[in-house]
Amino acid sequence: MKINTEHIRESVREFSFSEPPESFPVLAELAAKGDCCFKGAVQVVIKAIREFDHYRVQGNVTVPVQLICSRCLSGFDYLISSDFVIFFSEGSVAKEDEDEVELGELDLVSSVFSGTEIDLMPEISEQIILDIPIKPLCSETCRGLCPSCGSDLNKATCDCVIEPKQSKFSILKNFKVS
Ligand SMILES: [Zn+2]
Ligand SMILES: [Zn+2]
């Protein structure tokens, strides 16, 4: 997933890539830990152009995954899809103040490259990781598991009566002096 800067002039060039998730070290690590299960190839479509002293790479990355719902613990399919703009400047070290600006749905990221090739893999895997939900939900209305018997309340109902926990205060309230 590299672009040769010699091919990018002042006109926009389009590139598309398809790469198995295992080729990205960070994603392979996530999958190994069981945090995220990748179900297909990472697809990247970008437009690249030379602007002033940098290259502007704008595009979209998608990858199908299976996530575990944080409420009902069942697996569900999810499509990670992220739009990004990355500015690549020539240099060997990252700028001290990494100016990352979030503009709504679009992430603006600055990065560096050296030589005549821009390797997109590190930034692309970063984009994917940022798009993985921290608390995945199979549906906004997921009813989760019964805290008492563990039934999946999306599929079944149970007869458990969930008593609200007695607080110290409510115990005091019922305390009678005899
Ligand atoms: Zn759920
Ligand atoms: Zn129950």
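Residues numbered from 1 in each chain as written. Chains lettered and ligands numbered in written order. Predicted model: local features only at pLDDT ≥ 70, side-chain atom pairs only at ≥ 80, totals over all residues. Heavy atoms only, no water.

Mapped onto the elements of the fold, Thr5 is located in the loop between strand 1 (2-4) and strand 2 (13-19). Assessed through its relative accessible area of 6%, Thr5 is described here as buried. Ignoring anything within four residues of it in the chain, the contact list for Thr5 reads Tyr55, Phe113, Gly115, Thr116 and Ile118. (Helix = DSSP H or I, 4+ residues; strand = E, 2+ residues; numbered from the N terminus. Buried < 20%, exposed > 50% of the residue type's maximum accessible area, 1.4 Å probe, protein only. Contact = heavy atoms within 4.5 Å.)

Looking now at the coordination of the zinc ion (ligand 1). Binding of the zinc ion (ligand 1) to the protein goes through Cys69 (SG), Cys72 (SG), Cys138 (SG) and Cys142 (SG), at separations of 2.2 to 2.4 Å. Geometry at the zinc ion (ligand 1) is tetrahedral, judged from its 4 donor atoms and the angles of 106 to 113° they form at the metal. Here the donor residues of the zinc ion (ligand 1) share one chain and are spaced in sequence as C-x2-C-x65-C-x3-C. For Cys142, a relative accessible area of 6% corresponds to the buried category. (Donors = N, O, S within 2.8 Å, 3.2 Å for Na, K, Ca; no water. Tetrahedral: all angles 85-135°; square planar, octahedral: opposite > 155°, others 65-115°.)

Look at helix 1 (residues 25-33) against helix 2 (residues 121-131): their axes get within 8 Å of each other, and the N-to-C directions meet at 35°. In this structure, helix 1 uses Val26, Leu27 and Leu30 to contact helix 2, whose residues at the interface are Ser125, Ile128 and Ile129. A class-by-class count of the residues in the contact of helix 1 with helix 2 yields 5 nonpolar, 1 polar and no charged. (Axes fitted to C-alpha atoms, helices over the stretch in contact; angles between N-to-C directions. Nonpolar A, V, L, I, M, F, W, Y, C, P; charged D, E, K, R; others polar.)

This paragraph deals with the coordination of the zinc ion (ligand 2). Distances from the zinc ion (ligand 2) to its protein donors, Cys146 (SG), Cys149 (SG), Cys158 (SG) and Cys160 (SG), fall within 2.3 Å. Because the angles between the 4 donor atoms bound to the zinc ion (ligand 2) fall within 106 to 111°, the donor set is best described as tetrahedral. Mapped onto the sequence, the donors of the zinc ion (ligand 2) take the spacing C-x2-C-x8-C-x1-C. Of this pair, Cys146 sits in the loop between helix 2 and helix 3 (168-174) while Cys158 sits in the loop between helix 2 and helix 3; the two residues are 12 residues apart in sequence, bridging distant segments of the chain. With a relative accessible area of 5%, Cys146 lands in the buried category. The exposure class of Cys158 is partly exposed, given its relative accessible area of 26%.

The subject of this paragraph is the nonpolar core. Burial of nonpolar side chains together is a common tendency in soluble globular proteins. Ile3, Val42, Val44, Ile46, Leu120, Ile124 and Ile128 are the most contacted members of the largest nonpolar core, which has 36 residues in total. Elements represented by at least two residues in this core include exactly strand 2, helix 1, strand 4 (42-51), strand 5 (54-68), strand 6 (75-90), strand 8 (106-113) and helix 2. Looking at this core, the element that brings in the most residues is strand 5, giving 6 residues. For Ile124, the residues in contact, after removing those within four places along its chain, are Met1, Phe24, Val42, Val44, Val61 and Phe84. (Core = buried A, V, L, I, M, F, W, Y, C linked by side-chain atoms within 4.5 Å.)

Okay, unusual backbone geometry next. At Phe52, a residue that is not glycine, the phi angle is positive and equals roughly 50°. Looking at the element boundaries, Phe52 is found in the loop between strand 4 and strand 5. Although it is not a glycine, Leu73 adopts a positive phi angle of roughly 65°. Inspection of the secondary structure assignment puts Leu73 in the loop between strand 5 and strand 6.

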